[in-house]
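One-letter residues, chain by chain:
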Amino acid sequence: MRFRIFFVAMLFALLLTTFLAVGCASDDDDDDDNNDDATSADDDDDDDNDDDVAPSGRIPTTLDMNYVPLRQDDQWVMAVGPGDARITRNDLDVPRPTPYGSGRERLSLAYFMTMSDLHVADEEAPTRLDFFDSREVLFGAFTDAARPQYDLSQQVLMTMTRTANQIQRDYERDFDFALFLGDSSDSSQLNELEMVVDVLDGGGIRTESGWCRPDSGDLNLDPGSGRNLGERNFGVQETGPTGNSINRYEREGLPNSNADFPCAGLLRSSGDPLPWFACVGNHDVINMGLLDPLTPLTFYKPNNYEETLSPFGYISGLASMVEYWKENPDQEIRIAYGILGLDIDWRVVFEVFDFLGLLGDYETDIVDDFDPMVLLHDTPADPSDDGVDITADLNRAYMDTAGVMHLLNESGHGFVDRNEDGVVTPDDGAFYRLDVGELQGSNIPLRILAIDSAEQLLFPEGGLTGPQLGWLQREIKDAEINDALVIVASHHHEAAIVAGGSELEEILHSSPNVIAHLVGHGHYNEIVPHPTADKNPYLGYWEIQVPSDIDFPQQARIVEIVDNRDGSGSIFLTNFDHFSLDGDDADTLADFSRELAFSEALADGYDGVGPFARCGTRSDRNVELIFPIPTAVVQELAAIEADGSITSVDSLGHGAELPFVDYPVTNEGLDDNGFAPRVGVSNFTSLWTHMVNWAERNDPAGLGQELDELRPLSPEERARLRTLGYLQ
């Protein structure tokens, strides 16, 4: 029995090491978990504002400038560096006898913006897990439990929206639409997704139009204006024993991130709303993007979202609990709802950590102001009274796929009532088609097929079922019949799709009309060519990953699809940053968020030549991707006369003025090695399948059966996991 308990505890120890392996949090350089040090790129006045001034000319894109790390004395600081010249890639080996050989003007088929992984978060929610954040315990695996910029996510989205609006005005061309590739919310909460819709639509859900209200629970309303000035309720953990603040989001000299702020929405240059549409991501539908509240293997159930208790609290306390265990080895420790919902004595888990050598130098991560006995109410063996009292908010309700589809469809941002029963539900499928020509009011034959890669999740990994794959196959066939090009969009990149992943690749390779697959999830700039085994360029396509809005470099992509008039097409990709344009509190906080994200990336370790953040290589950022156009589509497009320039070539990268920022400026370029995707730690799925491998070989009737009951793997999932190298 002791042997079985040991290996079950080892399972959860290993699983917990990457509980939130979808991003990384940062600490400053002292020996605590508070983000209280000056950021690496602050100005010299007495506050934390960077006093940015908007450019007076055109807004720059990353063709003109990049935010880059620069070595100054003994530290790295954020600097403004040179832009990336566009790189042309023909990895699919498309034959091009002469560049643009027909002599006719190239035709711009579509021009739109895309963003992914906004992670708009309610940092006060009772179902968060800041408690687990640690840079040392398990060698920093728990740093993913909290990001210091989480509470600034809506301000970043606001400034990105303002920047997108200004780009349309400056370069004298409106986007046809905007496409958001999932993980818009951080933990599948109603108030988080409402916040996203309000920012992009200009308010109207959480408060009146023209304003956005990030706050939940307690409010601090101004009696004159009625505006919320921002309030937080972190209960007994707001101040330490000496009365000093231990609220990581209380920042002296900076505005309150929970205060109302003005929001005009995503707009065309005329002031009319810009249509936008969304895909579903894992964070949109399950807790923290990893554990499903509707399954046994979870920390929280749906009712916990709306409760008056945060069972694990809001201060990083894991290292302090390790210290308590070291000092009190005979004391039983049972915290809150247990470990992944199971009632296990935490001492057993700590013993496993210690046995595996994973405790690390935990003492450097102890927060002196955090007293674990306050969180546990001096009863470490009794979990019934653990936690921090907060104000409940019904708007924190758990969403799941049904709630996401309802809110977005009701707001006009995707999904269809496929079964015509008068309501949009998962029975209709969270997938749909966009006809670009209809959105433009033109006859351009281009379609976007938005699919739901969060339909069948394996923790954070994606999956699709047979009915959705059948729909996709029929839609692509219909596009062939009607001589239309196809772009598929999903949240998960293909290497992160388990159920249905192999079938998806086969379907995308089956048609010459499929030109690209737009994805998110990884938070990187990354381009993956997908040639066929026989190198047939007409059946190859491009997989294009879009960076996140929460992690550095916090960018969006402009996508332009072009007919080169020689039988080939081009996909132009151009990244842009967010800029302080209005100079208000939202802009100030968004600038600060980028600094925190930069510092967070530095905390991962950077030596000047190794991987930095999630910027991707130069060949993954500003690029022109060549694809072949089927003959029937070439003939269809031949009847359409070009009525404008190619914005990505003729306008973007020309006439921009850099903003005035109080950052260093460098002319030093960075080679690809400095921006290569880093090697990630093993994620939750890999650790789970590692335990499945061991259990099925060594204890199939015991632990193997227990794991299968907690999360059964279908034959299709097992086959894909073997292909991806997860299972033996």
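Residues numbered from 1 in each chain as written. Predicted model: local features only at pLDDT ≥ 70, side-chain atom pairs only at ≥ 80, totals over all residues. Heavy atoms only, no water.

Asks: Looking at this structure, I do not really get the overall build of the protein. What am I missing?
Replies: When its secondary structure is counted, the protein shows 17 helices and 21 strands. Within the protein, buried positions represent 62% of all 728 residues. Contacts in the protein between residues at least 24 apart in sequence constitute 77% of all its contacts with a sequence separation of at least 6. Of the roughly 25,500 Å² of accessible surface on the protein, 48% is carried by carbon and sulfur atoms. (Helix = DSSP H or I, 4+ residues; strand = E, 2+ residues; numbered from the N terminus. Buried < 20%, exposed > 50% of the residue type's maximum accessible area, 1.4 Å probe, protein only. Contact = heavy atoms within 4.5 Å. Areas by Shrake-Rupley, 256 points an atom, 1.4 Å probe, with all protein chains shown as cover.)

Asks: Would you mind going over the environment of Cys279 with me for this structure?
Replies: Assignment of secondary structure puts Cys279 in the loop between β8 (276-278) and α4 (282-285). Along the backbone, Cys279 and Tyr432 are 153 residues apart, and their C-alpha atoms lie at a distance of 9.4 Å. Not counting the four nearest positions on each side in its chain, Cys279 is found in contact with Phe180, Leu181, Gly182, Asp284, Tyr432, Ala450, Ile451, Ala489, Ser490 and His491.

Asks: Would you mind going over the nonpolar core with me for this structure?
Replies: One recurring pattern in soluble globular proteins: nonpolar side chains tend to sit buried together. Formed by 107 residues in total, the largest nonpolar core has its most connected members in Phe180, Ile561 and Ile571. It is strand β4 (residues 107-115) that provides the largest number of residues to this core, a total of seven residues. Residues within four places of Ile571 in sequence aside, it is in contact with Ile515, Ala516, Trp542, Ile544, Val559, Glu560, Ile561, Val623, Glu624, Leu625 and Phe627. Counting 58 residues, the second largest nonpolar core, distinct from the first, contains Ala145, Met321, Ala336 and Val388. (Core = buried A, V, L, I, M, F, W, Y, C linked by side-chain atoms within 4.5 Å.)

Asks: Explanation requested: the environment of Tyr726 in the structure shown.
Replies: Tracing the backbone shows Tyr726 in the segment after α17 (715-723). C-alpha separation for the pair Tyr726 and Val692, spaced 34 residues apart in sequence, amounts to 9.9 Å.

Asks: For this particular structure, what's the right way to read unusual backbone geometry?
Replies: Comment: phi is negative for the bulk of residues other than glycine, and the bulk of peptide bonds are trans. For the bond running from Phe552 to Pro553, omega is 20°, close enough to zero to count as cis. Relative to the helices and strands, Pro553 is located in the loop between β18 (541-545) and β19 (555-563). Positive phi, close to 55°, is recorded for Ser188, a residue that is not glycine. Mapped onto the elements of the fold, Ser188 is located in the loop between β5 (178-180) and α3 (190-201). We note that Arg565 has phi near 65°; this positive angle belongs to a residue other than glycine. Tracing the backbone shows Arg565 in the loop between β19 and β20 (568-577).

Asks: Any chance you could explain the packing of helix α10 (residues 466-481) against helix α11 (residues 501-509) here in plain terms?
Replies: Between two packed helices, both the angle of their axes relative to each other and the distance between the axes serve to describe the pair. Relative to each other, α10 and α11 sit at 5°, their axes nearing to 10 Å. Taken together, α10 and α11 sit at an angle that is classed as roughly parallel. Contacts between α10 and α11 involve Leu469, Leu472, Gln473 and Ile476 on the former and, on the latter, Glu503, Leu504, Ile507 and Leu508. (Axes fitted to C-alpha atoms, helices over the stretch in contact; angles between N-to-C directions. Parallel < 35°, antiparallel > 145°, perpendicular 65-115°, else oblique.)

Asks: Teacher, can you tell me more about the sheet that holds strand β14 (residues 485-489) here?
Replies: The strands making up a sheet associate through hydrogen bonds between their backbones, and the pairing can be parallel or antiparallel. Across the sheet, six strands lie side by side as β11-β12-β14-β16-β18-β17; this open sheet has mixed pairing. A single partner strand is all that each edge strand has here, and the edge strands are β11 (432-435) and β17 (526-530). Between one strand and the next, the sheet's axes are offset by a mean angle of 20°, whatever the strand orientation. The pairing of strand β16 (residues 514-519) with β18 spans four bridges and is parallel. Residue pairing for β18: Leu518 is matched across the bridge by Ile544. (Pairing = 2+ DSSP bridges.)

Asks: Please clarify how the sheet that holds strand β21 (residues 623-628) should be interpreted in this entry.
Replies: If you trace the seven strands from one edge of the open sheet to the other, you get β3-β21-β20-β19-β4-β5-β8, paired in mixed fashion. For this open sheet the edge positions go to β3 (87-89) and β8, each flanked by a neighbour on one side alone. Averaged over all adjacent pairs, the angle separating strand axes in this sheet is 25°, with direction ignored. By the bridge criterion, three bridges tie β4 to β5 in an arrangement that is parallel. If you follow Met113 over to β5, its bridge partner there is Ala178. Against the sheet, helix α2 (residues 153-170) engages β4, β5, β19 and β20, with an angle of about 125° to β20.

Asks: Where do I start with the state of the cysteines in this structure?
Replies: Under the counting rule described, the total for this entry stands at one disulfide. A sulfur-sulfur distance of 2.3 Å marks the disulfide that ties Cys212 to Cys263. One disulfide, between Cys212 and Cys263, carries an S-S torsion of 100° and so falls in the right-handed class. Here Cys212, found in strand β6 (residues 211-212), pairs with Cys263, found in the loop between β7 (261-262) and β8; they are 51 residues apart in sequence, far enough to count as distant. (Disulfide = S-S within 2.5 Å.)

Asks: Just checking my understanding: could you explain the environment of Asp371 for this structure?
Replies: Within the fold, Asp371 resides in the loop between α6 (346-356) and α7 (372-375). Between the alpha carbons of Asp371 and Ser320 there is a distance of 7.7 Å; along the sequence they are 51 residues apart. One polar contact links the side chain of Asp371 to the main-chain amide nitrogen of Met373, over a distance of 3.0 Å. (Polar contact = N/O pair within 3.5 Å; in protein donor to acceptor, adjacent residues only side chain to side chain.)

Asks: Would you mind going over the pattern of salt bridges with me for this structure?
Replies: Pairs may arise between side chains of opposite charge once their charged atoms sit close together. According to the stated counting rule, one finds 32 salt bridges in the structure shown. For the salt bridge of Asp186 with Arg128, the shortest nitrogen-to-oxygen distance reads 2.9 Å. Remark: Arg128 occurs in the loop between β4 and α2 and Asp186 occurs in the loop between β5 and α3; sequence separation between them is 58 residues. Accessibility classification places Asp186 together with Arg128 in one group, the buried group. Residue Arg347 pairs with Asp345 through a salt bridge whose shortest N-O separation is 2.7 Å. With a relative accessible area of 8%, Asp345 lands in the buried category. (Salt bridge = Lys/Arg side-chain N within 4 Å of Asp/Glu carboxyl O.)

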